[in-house]
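Survey of secondary and tertiary structure
Residue-level listing of the chains:
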Amino acid sequence: ARDCLVSTLESMVKLNFSEGIRSIHWGGATLIMRAYALLVYRAGIGAGSSPGSGSKFVERAMRAIHALLAVVVTQQNQVDERCVKSLSTFEENNRTENTSSSKAVSKPSAPANVSDQFCIMALCAATITCAEFPPIGNNSHAQIFMESDASEACWSCLLSLLKLSSSHLYSVFLSRIAAFIAAEDATELRRLVIINSSLTDVFDNGRFAVGMDEHLSPPQAAATEEAEKSLKDEAFFNFCRWASPKLQDVQWSNLVKSGLTPDALSTDVMAVVDAMRRCHATDNELDELVKNTLNDASRCEVLFYHQTGVLVFLTNAVDMLLKRSEPRIPIVSPIQLERLTSKITWQQCTRNHNNNSLDLANENNERRCQFVLQVVYAFVFFDKIEDSAFAIDPRSLPLTEALDFCNFCVEGKKERDVFGIRCIHSKLKALTLKHCPEIMEMPLSSTKNPMNYGLIISDEGAITPDRVFITIRECLQGNSRTDPSGCRAERFFFQSRMHFHSAIIDTKAACALLSTRHSPPPFFTYSALCRDPLVLLKCHISVWKCKGLRRIILSILRRALDANEYITYETAPTKEVALEILSVRDTIVARCLLIAGSGSFVIGNGRKEASSPIHCPMTMGFIRSMVARQKGLVAMLLKQGLPEGAVDWLVEFVPESLLDAPLITSCLSERNSLTAAERLTMADAALRIAIVHGSRDESEAQPLTYAALTVLVSSFFLVLGPIGVPVNVICEEGGQDVTQVCRKATFRMLKAMQKIRGSRVSLKNEVNMALSKIAGLCKSEGVMTGVVGIIASKRKSLLKEIWDAVTRANNAMGGTLQI
């Protein structure tokens, strides 16, 4: 077989001399060269003196390949002459006046070099042959090899291949071969030549495939294949030791650096990566390469769609940057990404819902590809050095839209067609999950399903962030007579989010909502909002009273709280500290929302502003989700104290408050820092929760009811106050009358008992027992000796009010108690 293949190559050379260079079909010649390379790799060069074995075979093969390379050079020179002649004719015709357009000559383009693949295969075949030639692998016979005819043929052929200037594609491949030889990297050299000689399925136009030695093998053959690979690597290593000193004659460093260009990236990314690792390029050269690549939108588009190793290039660029001494300044800065983001309309990156195809032929597509590559580079740098002054803030970037774009590009495509995009998508997704996982919990682009926003899409076109800002300010200042409820501002807010990055819209809207009539809008970044979302609660009361503006602030607050949760876990020294910080944060937010929802505003020096409760489903859902997620939140709110209106609102609209029944029961039953008035006020809220929502879980409601009623009965004498002294003699540190607070809580509890309905036997039994005890205390206190006058009349009047309230509660439950 070896003799047959060499004879075929020799016949092609003879055919060229007899019939001219056009007689050689380079496609067929490439297949023959590929078969030769694989045969030598698998079967070796043989032994003996037959024409198809040993040094004679090597000499014949190398001289035949060398002769064919001379044909390639001759053909290329003739092609270049024709190109020059055509270009001259084109320029001469353009200078001719009064030439009709039908006779004009179009500018010729350089023809495709059909011999490129043949030259690449010839280089692979020559490398394999030299590695398989026995004297190369034996140091004691190295001098014999150097003086033999076969060795001269080998080096002559290899030298012509190294000096050959066939095309850019060949030059890039040659740079990889030269880099591996110079570094004596036998394993990668062997893998490269076998991958390019293989006939298996190919990625990236034949430059990334699984070679013959990479196929899956049965278990029993695994050990044999590993031993064979080890011997092959040793042979290639000896070849590198023999060839590397000779590369000085052809200036191997220039060969390797030929792959360190932006144009080489469009041809073979891995060649550029190898050059970055092995050519000892300066920092300026590497920076210039990365800068020219990432700043060119059209080149980024080519890399994104057609190169599988672009992710390796980006990660290696960051790794080499980090190996330098300070300062480590990345090529892509946060400001550069923000400027690029402002030029992209992500809404155009959507599916055509009629044919379910992705529209990529628009003016923004190059910028989208450029943004994805730049954000991966900057994100990898951020992952390595988070505290760098040049690191990005990933939450301020449209990562959701970028992931959506990558997902659209790979959906429904074959693995081999979108392998590079899938790698980029996976890396970007992994980094997002690591540093800002709340983004992954957000839905993908709302435009993927236009029905989601069908109620807010108008005919006003794309709403800019500045227009959203102005509309909110007009609504706050009362200048918008057409939008008193803020619904128009809300529609603009959500419509703008369909066209622009949500972080930009949220920041603009938050600055507008935090402004007032008499003060300029504050300046916040999205990062600042995420690190301190409580600043959003400083907005004016009018925001909470305006339906549209209230929904905007709640929407922004929800996303800021999600981001803040992950930031807290990252920055807190321990998980316990993070949980405590988040618990305090949620308590503040829930308290503010409860007061806003119930209308229990307090302005200035304790002055209350009358306002009707807000029946807002979004506010209710917000608080309910917080209570369901944060155990102990309701107990903490009640322990700290809430206005009566806020307690009623909480009981009415938040059924999840029953989840904290065990904690509330514990607070009422055990000794703690609660004063008597605070304990009775908390018992009032606990009893209301048990009455309204206790039917959901009677096992939790019964202990809660018992604890609340026990506090009520034990506080009876505190409600009446001491005998013979003014009722306001017992005051708290703030000057609040304890007796009046307890009386108000007691009558609220007695009034709440009137709302018990249904067949809740256990609850009614507990209430009847408490009412019976209170009635008995009223009877015993009604007989007072030694107390006369106004004090006695006021005390009797209070006892009568309590008695009447007990009677009404008893009658509401069916009058089962005899009092």
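Residues numbered from 1 in each chain as written. Predicted model: local features only at pLDDT ≥ 70, side-chain atom pairs only at ≥ 80, totals over all residues. Heavy atoms only, no water.

Side note on the overall build of the protein
- The number of helices and strands found in the protein is 37 helices and 6 strands.
- Counting contacts in the protein only where the partners sit at least 6 residues apart, residues at least 24 apart contribute 74% of the total.
- If you sum the accessible surface of the protein, you get close to 38,700 Å²; carbon and sulfur atoms cover 53% of it. (Helix = DSSP H or I, 4+ residues; strand = E, 2+ residues; numbered from the N terminus. Contact = heavy atoms within 4.5 Å. Areas by Shrake-Rupley, 256 points an atom, 1.4 Å probe, with all protein chains shown as cover.)

Comments concerning the pattern of salt bridges
- Counted according to the given criterion, the structure contains 22 salt bridges.
- Taking the shortest distance from any N to any O, the salt bridge between Asp 3 and Arg 60 comes out at 2.8 Å. Taken together, the residues span a long stretch of sequence, with Asp 3 in helix 1 (residues 2–19) and Arg 60 in helix 3 (residues 54–95) at a distance of 57 residues.
- Asp 3 sits in the partly exposed class, given a relative accessible area of 32%.
- On the basis of relative accessibility, which here comes to 16%, the residue Arg 60 falls in the buried class.
- What emerges from the salt-bridge pattern is a single network uniting Glu 644, Asp 648, Asp 684, Arg 688 and Arg 748. (Salt bridge = Lys/Arg side-chain N within 4 Å of Asp/Glu carboxyl O. Buried < 20%, exposed > 50% of the residue type's maximum accessible area, 1.4 Å probe, protein only.)

A few points about the environment of Cys 124
- Here Cys 124 lies in helix 4 (residues 116–132).
- For the pair formed by Cys 124 and Ile 194, sequence separation is 70 residues and the distance between their alpha carbons is 7.7 Å.
- Excluding its chain neighbours within four sequence positions, the residues that come into contact with Cys 124 are Phe 173, Val 193, Asn 196 and Ser 197.

Some details on the nonpolar core
- Counting 108 residues, the largest nonpolar core has Ile 472, Leu 549, Ile 664 and Ile 802 as its most contacted members.
- If we ignore the near neighbours within four places in the chain, the residues touching Ile 664 are Val 634, Ala 635, Leu 638, Met 682, Ala 686, Ile 689 and Leu 704. (Core = buried A, V, L, I, M, F, W, Y, C linked by side-chain atoms within 4.5 Å.)

What about the packing of aromatic side chains?
- For the structure shown, the criterion picks out 9 aromatic pairs.
- Linked through ring pairs, Trp 155, Phe 239 and Trp 242 together constitute an aromatic cluster.
- Of note, Arg 2 hangs over the ring of Phe 57, and the distance from its end group to the ring centre comes to 5.8 Å.
- Here the guanidinium or amino end of Arg 558 rests over the ring plane of Phe 622, the centre of that ring lying 4.8 Å away. (Phe/Tyr/Trp six-rings, centres within 6.5 Å; stacked < 30°, edge-to-face > 60°. Lys NZ or Arg CZ within 6 Å of the ring centre and 35° of its normal.)

Focus: helix 21 (residues 465–477)
- Between its first and last C-alpha atoms helix 21 spans 19 Å; for 13 residues at 1.5 Å apiece the expected length is 18 Å, and the two agree.
- Contacts from the buried residues of helix 21 go to helix 22 (487–497), helix 23 (502–513), helix 25 (541–545) and helix 26 (547–571).
- The positive-phi residue at the C-terminal boundary of helix 21 is Gly 478, with phi of around 75°. (Expected span 1.5 Å × (residues − 1).)

Quick notes on the packing of helix 18 (residues 399–410) against helix 19 (residues 419–435)
- Look at helix 18 against helix 19: their axes get within 9 Å of each other, and the N-to-C directions meet at 150°. Our classification of the angle between helix 18 and helix 19 gives roughly antiparallel. Once helix 18 is placed against helix 19, the crossing between them reads as left-handed. For the pair formed by helix 18 and helix 19, the contact residues are Leu 399, Ala 402, Leu 403, Cys 406, Asn 407, Cys 409 and Val 410 on the first element and Ile 421, Arg 422, His 425, Leu 428, Lys 429 and Thr 432 on the second.
- Considered class by class, the residues forming the contact of helix 18 with helix 19 number 8 nonpolar, 3 polar and 2 charged. (Axes fitted to C-alpha atoms, helices over the stretch in contact; angles between N-to-C directions. Parallel < 35°, antiparallel > 145°, perpendicular 65-115°, else oblique. Left-handed = near helix turned anticlockwise from the far one by under 90°. Nonpolar A, V, L, I, M, F, W, Y, C, P; charged D, E, K, R; others polar.)

Remarks on the side chain of Arg 679
- If you trace the backbone, Arg 679 turns up in helix 32 (residues 676–693).
- Buried within the structure, Arg 679 lacks any salt-bridge partner; its nearest side chain of opposite charge belongs to Glu 678, at an N-O separation of 7.9 Å.
- Aside from chain neighbours lying at most four places away, what touches Arg 679 is Cys 667, Leu 668, Glu 670, Asn 672, Leu 674 and Val 711. (Lys, Arg positive; Asp, Glu negative; His and termini not counted.)

So, the confidence of the model for the protein
- Per-residue confidence for the protein averages 78 on the pLDDT scale, and 76% of its residues sit at or above 70.
- The low-confidence segment residues 140–145 (pLDDT under 50) makes 7 contacts with residues lying over four places distant or belonging to another chain.
- Scored below 50 in pLDDT, residues 350–359 makes 18 contacts in the model with residues more than four places away or belonging to other chains. (pLDDT = per-residue confidence, 0-100.)

Observations concerning the state of the cysteines
- Following the criterion strictly, the structure yields 0 disulfides and no others.
- Counting only cysteine sulfurs, Cys 130 is the nearest neighbor of Cys 157, a cysteine outside any disulfide, at a range of 7.5 Å. (Disulfide = S-S within 2.5 Å.)

Overview of helix 7 (residues 168–183)
- Counted at 1.5 Å a residue, the expected span for helix 7 with its 16 residues is 22 Å, and the 23 Å between its end C-alpha atoms agrees.
- Every buried residue of helix 7 is listed here: Tyr 170, Val 172, Phe 173, Leu 174, Ser 175, Arg 176, Ile 177, Ala 178, Ala 179, Phe 180 and Ile 181.
- Downstream of helix 7 by one or two residues, Glu 184 has phi in the positive range, about 55°.

What to know about the packing of helix 32 against helix 33 (residues 698–714)
- Relative orientation of the contacting elements helix 32 and helix 33 amounts to 145°, with a least axis distance of 8 Å. Our pair here, helix 32 against helix 33, has a crossing hand that is left-handed. Along its contact with helix 32, which presents Arg 679, Leu 680, Ala 683, Ala 686, Leu 687, Ile 689 and Ala 690, the element helix 33 presents Ala 701, Leu 704, Thr 705, Ala 708, Leu 709, Val 711 and Leu 712.
- Looking at the contact of helix 32 with helix 33, its residues break down into 12 nonpolar, 1 polar and 1 charged.

Let's talk about the environment of Glu 678
- Mapped onto the fold, Glu 678 is located in helix 32.
- Exposure remark for Glu 678: the relative accessible area of 34% places this residue in the partly exposed category.
- Residues Glu 678 and Leu 638 lie 40 residues apart in sequence; the distance between their C-alpha atoms is 9.0 Å.

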